[in-house]
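Architecture and fold: a report
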Amino acid sequence: MAEKQNGSPAAGAEMAVREKREVQQQEGTREGLYFEPAVDIYETGDALTLVADVPGTTVEDVEIDLRDNMLTLSARTKRPDERWKPVYREYRSGHYLRQFRLGQQIDQSKIAARIKDGVLTLTLPKAQSAIPKRIQVRTND
Amino acid sequence: MAFTAWPAFGLDSEVARLRGEVLRSLLEPQAAAPGVFPAVNIYDDGESFLVRAEIPGVDKDSLEITTRGDQLAIRGERVPTPAEPSASYHRREREGGRFRRVVTLPQRVDADKVEATYREGVLEVRLPRIGEDKPRKIQVG
């Protein structure tokens, strides 16, 4: 690993393969292989943002489900062309599935998703009641 | 003279077992050496090899693909999304950095006819076998 430079997290760093984590699911719930996508989740004053690596999918393949503060993210990849016979394999391909328990009330109607180059960015705006409001402190004089 | 007949099913099952072993050794994911990125899969359709790698979030212009003989080199960089200054991170699993990988193909390929695409975060490099290495179909007269 190279030294960190200029405070930027990975400037000059070299990447390494991280083994895909297969989702251990109860039998019969979903068909096919599922993997947990790597994610970044960050929070700003008015929203939570989730960034997930979901190569091989477009926004139409993604399904977002939010109920009782449980966010389920799933994305289905296409079946590879049968014409290509595998001769060497270092990674497995499959669909994506991951669940998160959110500590924030989310405004469901304003959830937005976009995908660029296999990276999903999901914006989850906080419900009005969850946005911290600044309270004016009054004094008596 | 003693003669031991092979029970037919025994030989068949041995052949099947060996074939199974060979296939498994070819198809089971090989752990990429540590520090290597990206992991690759190689496919074959008889005419060409297809090298596939999942590298979401890479700027296409940073990708550099070169071939020589039976070697394919892939270079690129994944620039991590800059953190929003006001954001607090709940999870940070996605990595960024530079990568370089050299893949040895099963045979020499025609370097002039190599084509690469980067779509939905998946890199695909198609490498036609070189003329004389192509398995030829011989007509029986």
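What you see is a predicted model; the values in this text were computed from it and never measured.

So, the overall build of chain B
Helix and strand content of chain B: 1 helix and 8 strands. Reading chain B from its N terminus to its C terminus gives the helix and strand order α-β-β-β-β-β-β-β-β. Going through the 141 residues of chain B one by one, you find that 25% of them count as buried. For chain B, contacts bridging at least 24 residues in sequence account for 53% of all contacts bridging at least 6.

Examining unusual backbone geometry
Peptide bonds are trans in most cases, and residues, glycine excluded, mostly fall at negative phi. For the peptide bond that leads from F37(B) to P38(B), omega is -5°, which places it in the cis range. One can find P38(B) in the loop between α1 (8-27) and β1 (41-44). Positive phi, normally seen in glycine, also occurs at D68(A), with a value near 50°. Looking at the secondary structure, you find D68(A) in the loop between β5 (62-67) and β6 (70-75). Its 6 C-beta neighbours within 10 Å are what place D68(A) among the exposed residues. Within the chain, D117(A) stands out as a residue other than glycine whose phi angle is a positive 50°. Relative to the helices and strands, D117(A) is located in the loop between β9 (112-116) and β10 (119-125). Here D117(A) falls in the partly exposed class, since 18 other C-beta atoms lie within 10 Å of it.

Considerations on the confidence of the model for chain A
When pLDDT is averaged along chain A, the result is 83, and 87% of the positions lie at 70 or above. Note that residues 1-11 of chain A has pLDDT below 50 and, in this model, 15 contacts with residues that lie over four places away or in other chains.

Examining the environment of Y42(A)
Locating Y42(A) in the fold gives a position in strand β3 (residues 39-43). Along the sequence, Y42(A) and V87(A) sit 45 residues apart, while their C-alpha atoms lie 40 Å from each other. Discounting residues that sit within four places of it in the chain, Y42(A) has contacts with T49(A), E84(B), A87(B), S88(B), Y89(B) and H90(B).

Observations concerning the sheet that holds strand β3 (residues 64-68) of chain B
Residue and element names in this part refer to chain B. In space, the 3 strands of this open sheet follow the order β3-β4-β6, with antiparallel pairing throughout. Two strands close off the open sheet at either side, each with one partner strand: β3 and β6 (97-104). In this sheet, adjacent strand axes meet at a mean angle of 10° when their direction is disregarded. Of the strand pairs in this sheet, strand β4 (residues 71-78) and β6 are connected by 8 bridges, and their pairing is antiparallel. If you follow R75 over to β6, its bridge partner there is R100.

Digging into the sheet that holds β10(A)
Strand order in the open sheet formed by 5 strands is β9(A)-β10(A)-β4(A)-β3(A)-β5(B), with antiparallel pairing between adjacent strands. Lying at the two open borders of the sheet, with one neighbouring strand each, are β9 of chain A together with β5 (88-92) of chain B. With direction set aside, neighbouring strand axes in the sheet form an average angle of 15°. Here 7 bridges tie strand β4 (residues 47-53) of chain A to β10(A), and the two strands are oriented antiparallel to one another. Looking at the pairing, L48(A) lines up with L124(A) of β10(A).

Things to note about the nonpolar core
By size, the foremost hydrophobic cluster in this structure holds 23 residues, and its most contacted members are F49(B), V51(B), A53(B), L72(B), L105(B) and L127(B). Breaking this core down by element, the ones donating at least two residues are β1, β2 (48-54), β4, β6 and β8 (122-128) of chain B. Looking at which element gives the most residues to this core, the answer is β2(B), with 4 residues. Not counting chain neighbours up to four residues away, the residues in contact with L127(B) comprise S48(B), F49(B), V51(B), T67(B), L72(B), L105(B), V109(B) and V114(B). Within the second largest apolar cluster, 20 residues are counted, among which are Y34(A), A47(A), V51(A) and I115(A).

Points about the pairing of β9(A)
All names here are of chain A. Judged from the 5 bridges that link them, β9 and β10 form a sheet pairing that is antiparallel. Paired with A112 across the two strands is T123, which belongs to β10. From the end of β9 to the start of β10, which pair antiparallel, there are 2 residues, and D117 there has a positive phi angle of about 50°.

Cut-off values and rules
Residues numbered from 1 in each chain as written. Chains lettered and ligands numbered in written order. Predicted model: local features only at pLDDT ≥ 70, side-chain atom pairs only at ≥ 80, totals over all residues. Helix = DSSP H or I, 4+ residues; strand = E, 2+ residues; numbered from the N terminus. Buried ≥ 20, exposed ≤ 12 C-beta atoms within 10 Å, placed from the backbone. Contact = placed C-beta atoms within 7 Å. pLDDT = per-residue confidence, 0-100. Pairing = 2+ DSSP bridges. Axes fitted to C-alpha atoms, helices over the stretch in contact; angles between N-to-C directions. Core = buried A, V, L, I, M, F, W, Y, C linked by C-beta atoms within 7 Å.

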